Amino acid sequence: MPQVDEFDDEDIRGDAAELDSDSHSPKVYHIQEIPSKGLGVVAAVDFALGDLIIVESPLLLFRPEGPKISSDLQLQSAFDKLEDGKKEAYMKLDNVHPESECPPLVGIFNTNAYDVQESDHADSDDDPPCVAVFNDISRINHSPNTIRLWRASSSAMHISACRAIPAGTELTTYYRDPFLPASERCAALLAIYRFHCACPSCLSPAASDKSRLRLQQSRGRLADLVAWARVAPPSPGLLADTLELLALVQEEGLESQHVYGRVLRHLMCISYVMQMCAEGEEDDVGSNAEAEGYEGYKHMLRAWRLANGAEEVDVRRVELAEEEMMRVAVGRRRTGG
Ligand SMILES: C[S@@+](CC[C@H](N)C(=O)[O-])C[C@H]1O[C@@H](n2cnc3c(N)ncnc32)[C@H](O)[C@@H]1O
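Residues numbered from 1 in each chain as written. Predicted model: local features only at pLDDT ≥ 70, side-chain atom pairs only at ≥ 80, totals over all residues. Heavy atoms only, no water.

A. Representation of the pattern of salt bridges. One pass over the structure, following the stated rule, counts 16 salt bridges. Glu324 is paired through a salt bridge with Arg327; the nearest N and O atoms lie 2.8 Å apart. Linking Glu324 with Arg327, this pair stays in helix H11 (residues 312–335), spanning three residues, or about one helical turn. Classification of Glu324 by relative accessible area gives partly exposed; the value is 38%. (Salt bridge = Lys/Arg side-chain N within 4 Å of Asp/Glu carboxyl O. Helix = DSSP H or I, 4+ residues; strand = E, 2+ residues; numbered from the N terminus. Buried < 20%, exposed > 50% of the residue type's maximum accessible area, 1.4 Å probe, protein only.)

Given below as structure tokens:
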């Protein structure tokens, strides 16, 4: 476990949450026709940030020896080993690739497979991805309102809400890296999945690329939080600036991404320090009525961290370290140290 100074939410994925796929019964989601998208998955109840919605083991899981598209022999052999029910379910999945282009087995694979790591703690460079196709999760269309987390220890994909999702809303997940420029994202979606993405970001690519670049560039500054807490006095400007980043994350629908965890962590720390300073000094830097406040951000960050694979025990440890860091920052500010 890293010290809080080195801490980044990308480091606290754990092995926990061994939930089985029957843990939600009756189903909290439905598979149904979605206009112009084929089938899709729709929430049957309201979900809050962090709620676990689907836990599913793959129909088919293997490690390709080569690039996806040229792995048909290996795919055939993995398919042949499946029990009949799974073969039947696989063949019912969507296929956007005509037979003139590739056999149905490959077309279905290319329309529905996700890359997954063989180990929960793998360094992505050292651990070539496996590929997995799912009965229900492969029905989820592209766009972003869920966090997708592969648990290698239980060979199951977990889908959790990355924001509030009211019943009746379609559940969606990213097919491609959302920080690629919109033109590259759209080209990949068209080439592999054969659709034109009509989400607000892809429809306004220039504005969206600019916002996403700004969020990417904020990474260093957000990681610098510990240094800030030690030396810099909190200011309403810092809060306003970070709330602006939060608004960008929400406008761009990037709550499933690590930048959201970093922004929430920053807001949690800023509001704690400002609140404490306001209590101690009765100046106006602590008036953050427009924000959620310390407890609100802490709650959101906890839900987000757990949905991203952190273990409860590690989250508590990190929260304690963060609180200590903020207490020290407030103490320094009070004593001018
Ligand atoms: C993994 S499947 C998703 C489930 C699929 N809609 C079905 O009927 O089973 C991927 C395919 O769904 C469709 N799709 C996914 N996201 C979409 C979107 N945002 N807009 C339009 N079509 C989409 C595309 O045809 C894509 O190739």
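B. Expanded view of the state of the cysteines. For the structure on display, the rule yields zero disulfides. Cys199 forms no disulfide, and the closest cysteine sulfur to it belongs to Cys202, at a distance of 3.7 Å. (Disulfide = S-S within 2.5 Å.)

C. Looking closely at the environment of Ala167. Its location among the elements puts Ala167 in the loop between strand E9 (156–161) and strand E10 (170–173). Ala167 gets classed as partly exposed once you look at its relative accessible area, which sits at 40%. Considered as a pair, Ala167 and Ala43 are 124 residues apart in the sequence and their alpha carbons are 5.0 Å apart. For Ala167, the residues in contact, after removing those within four places along its chain, are Ala43, Ala44, Val45 and Asp46. (Contact = heavy atoms within 4.5 Å.)

D. A look at the site of the ligand. Surrounding the ligand, one finds 16 residues, the nearest of these being Lys37, Leu39, Arg139, Asn141 and Tyr193. Between the ligand and Arg139, the relevant distance is 2.6 Å, taken from an oxygen atom to a side-chain nitrogen or oxygen of the residue. Considering the ligand on its own, with 570 Å² of exposed area, one finds that the protein chains cover 92% of that surface. Taking a 2 Å distance to the grid points as the criterion, the majority of the atoms of the ligand fall inside the second largest pocket. Here the residues of the shell around the ligand are counted per class, giving six nonpolar, seven polar and three charged. (Near = heavy atom within 4 Å. Polar contact = N/O pair within 3.5 Å; in protein donor to acceptor, adjacent residues only side chain to side chain. Areas by Shrake-Rupley, 256 points an atom, 1.4 Å probe, with all protein chains shown as cover. 1 Å grid on protein atoms, 1.4 Å probe; cavity = no way out; pocket = protein on both sides within 12 Å on 5 of 7 lines; lining within 4 Å. Sits in = over half its atoms within 2 Å of the grid points. Nonpolar A, V, L, I, M, F, W, Y, C, P; charged D, E, K, R; others polar.)

E. The sheet that holds strand E4 (residues 60–62), seen in detail. Spatial strand order, E4-E6-E5: three strands in an open sheet with antiparallel pairing. The two strands at the open ends of the sheet, each matched to only one other strand, are E4 and strand E5 (114–116). The sheet shows a mean angle of 25° between the axes of neighbouring strands, taken without regard to direction. Relative to strand E6 (residues 130–133), E4 runs antiparallel, the two being bridged by three bridges. Counted as the bridge partner of Leu60 is Val133 from E6. Seen against the sheet, helix H3 (residues 104–112) touches E4, E5 and E6 and runs at an angle of roughly 100° to E6. (Pairing = 2+ DSSP bridges. Axes fitted to C-alpha atoms, helices over the stretch in contact; angles between N-to-C directions.)

F. Spatial organisation of the packing of helix H1 (residues 72–80) against helix H2 (residues 84–92). At a minimum axis separation of 9 Å, H1 and H2 run at an interaxial angle of 135°. The orientation of H1 with respect to H2, classified from their angle, is oblique. Of the residues in H2, those in contact with Leu75, Phe79 and Asp80 of H1 are Lys87, Tyr90 and Met91. Considered class by class, the residues forming the contact of H1 with H2 number four nonpolar, no polar and two charged. (Parallel < 35°, antiparallel > 145°, perpendicular 65-115°, else oblique.)

G. Spotlight on the confidence of the model for the protein. On average, residues of the protein score 84 in pLDDT, and 78% of them are at 70 or above. Long-range and interchain partners of residues 1–7, a stretch whose pLDDT sits below 50, account for 18 contacts in this model, where long-range means more than four residues apart. Counting contacts from residues 10–24, a segment whose pLDDT is below 50, to residues more than four positions away or on other chains yields 45 contacts. (pLDDT = per-residue confidence, 0-100.)

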